[in-house]
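Coordinate analysis (summary)
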Amino acid sequence: KTLHDLGDLRGRRVLVRSDLNVPLDGSTITDDGRIRASLPTLQTLLDAGARVLVTAHLGRPKGEPDPAHSLRPVADRLSELLGRPVGFAADTVGREAQRASAELSDGELVVLENVRFNAGETSKDDAVRGAFADELAALADLFVSDGFGVVHRKQASVYDVASRLPAAVGGLVQTEVEVLQRLTSTPERPYVVVLGGSKVSDKLGVIDHLLDKADTLLIGGGMVFTFLAAQGHDVGSSLLETDQVDIARGYLDRAAAQGVELVLPTDIVVAPAFAADAPATVVDAGSIPSDQMGLDIGPDSAARFAQIITSARTVFWNGPMGVFEFPAFADGTRAVADALTRTDGLSVVGGGDSAAAVRALGFTDDQFGHISTGGGASLEYLEGATLPGLSILEDVS
Ligand code: 3PG
């Protein structure tokens, strides 16, 4: 069901689960992409005269109030972007939230404090989660699931609440699913997937699945070194997951057997320390000195990756190629981002971190086919996993 199926929304109290998990430096939001992505659904509801209660999380607090993870700065930014006052309840389901729910007028919006300040939100115990979901549901008449970045979480505000109120998907989740479906069903070929980030272990499921789907896999970021180790190379003091080396070797063998091109960098930018001012040099990927660590893919590799990406008809990218936060190690990530902007086909940037990276490097959202707000969620979708926040909506509709 979509918003349209919820009928006349005037005067109805609508609980919206958004993903407003933005990066913060103190109380300063360093990338407001997820807040911006939440706006169309909220605006639609407000225009329809709904009384909107937004529930969301920020970071991973431990199930109790934690001022460092308050959503208040997010509510302030939301107010600026919507160009109208936004209320803030200092609790999620307590007296403040109940008062806010009772006092909202048509076309008004309140943000409830971080839903993860409540242990019931993330509890593994169905009954505990359910009891908290009952409290959330009591605040509203309808539920709208619009936090794509959390649909892979079986949590009270994502999953359990959807069976307690008439529920629908918001426009953001709809759009995200439509785009990702194009990648999983019949991607135009060549279909190239670029994976970066630090850990192979985070990407196991998706690599496994993509070896059957994609034509080419480009691997960058910290996980490269586990693959290089699997090829028998010494990786110096680079990040290495020793327990994943055999798995990486298995992927290399499978790619060769299945005719999937799995491309690793052939040169690496190394430095003696993990620091912005560490002296950077470029070495052959097969000869990283023992006292050096790899912090970015090298220029030859970046050029090769870019050439493969610009010739693709479908590209999905998740994870930076290097430590892009340090200018000396940002070129690989910049080259990949730039290539995505130049491809004629569908280009999708997946993940809150990757999205923040491209914006931090000066790219704008409209240069890409789609920037997904979901990191883990988009990867799990591509893996073909069942996403609790989506499956529950199918079950209840
Ligand atoms: C994300 O940042 O990917 C989403 O907001 C989900 O956050 P989580 O990984 O803490 O559940």
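Just so you know, these numbers come straight off a predicted model, no measurement behind them.

Comments concerning the overall build of the protein chain
- Check the secondary structure of the protein chain and you find 14 helices and 17 strands.
- Expressed along its principal axes, the backbone C-alpha trace of the protein chain runs to roughly 65 × 45 × 40 Å.
- For the protein chain, buried positions account for 50% of its 397 residues.
- Looking at the protein chain alone, contacts between residues at least 24 apart form 73% of all its contacts between residues at least 6 apart.

Regarding the sheet that holds strand β13 (residues 281-284)
- Judged by pairing direction, the sheet is antiparallel, and its three strands sit side by side in the order β13-β12-β14 without closing on themselves. Every other strand in the sheet has two partners, leaving β13 and β14 (293-297) as the edge strands with one partner each. Between one strand axis and the next, the sheet turns by 45° as a mean value, whatever way the strands run.

Some thoughts on the site of the ligand
- Within the structure, the ligand sits among D19, N21, R60, G149, V150, R153, G352, G375 and G376.
- Partitioning the shell around the ligand into residue classes produces one nonpolar, five polar and three charged.
- No fewer than three residues from each of domain 1 (3-172) and domain 2 (186-381) sit in the shell around the ligand.

Here we look at the nonpolar core
- V14, L15, V192, V194, F305, I309 and V336 are the most contacted members of the largest nonpolar core, which has 126 residues in total.
- Lining this core are residues from two domains, each supplying at least three of them: domain 1 (3-172) and domain 2 (186-381).
- Among residues more than four places away in sequence, those in contact with F305 are V194, L218, A335, V336 and A339.

Observations concerning the domain arrangement of the protein chain
- Taken as a whole, the protein chain is organised into domain 1 (3-172) and domain 2 (186-381).
- Measuring from the centre of the C-alpha atoms in domain 1 to the corresponding centre in domain 2 gives 34 Å.
- A breakdown of the residues in the side of domain 1 that touches domain 2 according to their chemical character gives six nonpolar, four polar and three charged.

Description of the environment of A377
- Structurally, A377 is set in helix α13 (residues 376-383).
- A377 sits in the buried class, given 28 other C-beta atoms within 10 Å.
- With 181 residues separating them along the chain, A377 and G196 place their C-alpha atoms 16 Å apart.
- With residues up to four places along the chain from it excluded, the contact list for A377 reads F148, G149, V150, V151, H152 and L387.

Some remarks on helix α3 (residues 95-103)
- Buried within α3 are the following residues: A97, A100 and S101. Axial view of α3: buried residues confined to an arc of 100°, hence all on one face. Every exposed residue of α3 that faces more than 90 degrees away from the buried side is listed here: R95, A102 and E103.
- Buried residues belonging to α3 abut β1 (13-17), β4 (51-55), β5 (87-89) and β6 (109-112).

Definitions and cut-offs
Residues numbered from 1 in each chain as written. Predicted model: local features only at pLDDT ≥ 70, side-chain atom pairs only at ≥ 80, totals over all residues. Helix = DSSP H or I, 4+ residues; strand = E, 2+ residues; numbered from the N terminus. Buried ≥ 20, exposed ≤ 12 C-beta atoms within 10 Å, placed from the backbone. Contact = placed C-beta atoms within 7 Å. Pairing = 2+ DSSP bridges. Axes fitted to C-alpha atoms, helices over the stretch in contact; angles between N-to-C directions. Near = placed C-beta within 6 Å. Nonpolar A, V, L, I, M, F, W, Y, C, P; charged D, E, K, R; others polar. Domains from an automatic or database assignment. Core = buried A, V, L, I, M, F, W, Y, C linked by C-beta atoms within 7 Å. Arc of directions from axis to C-beta.

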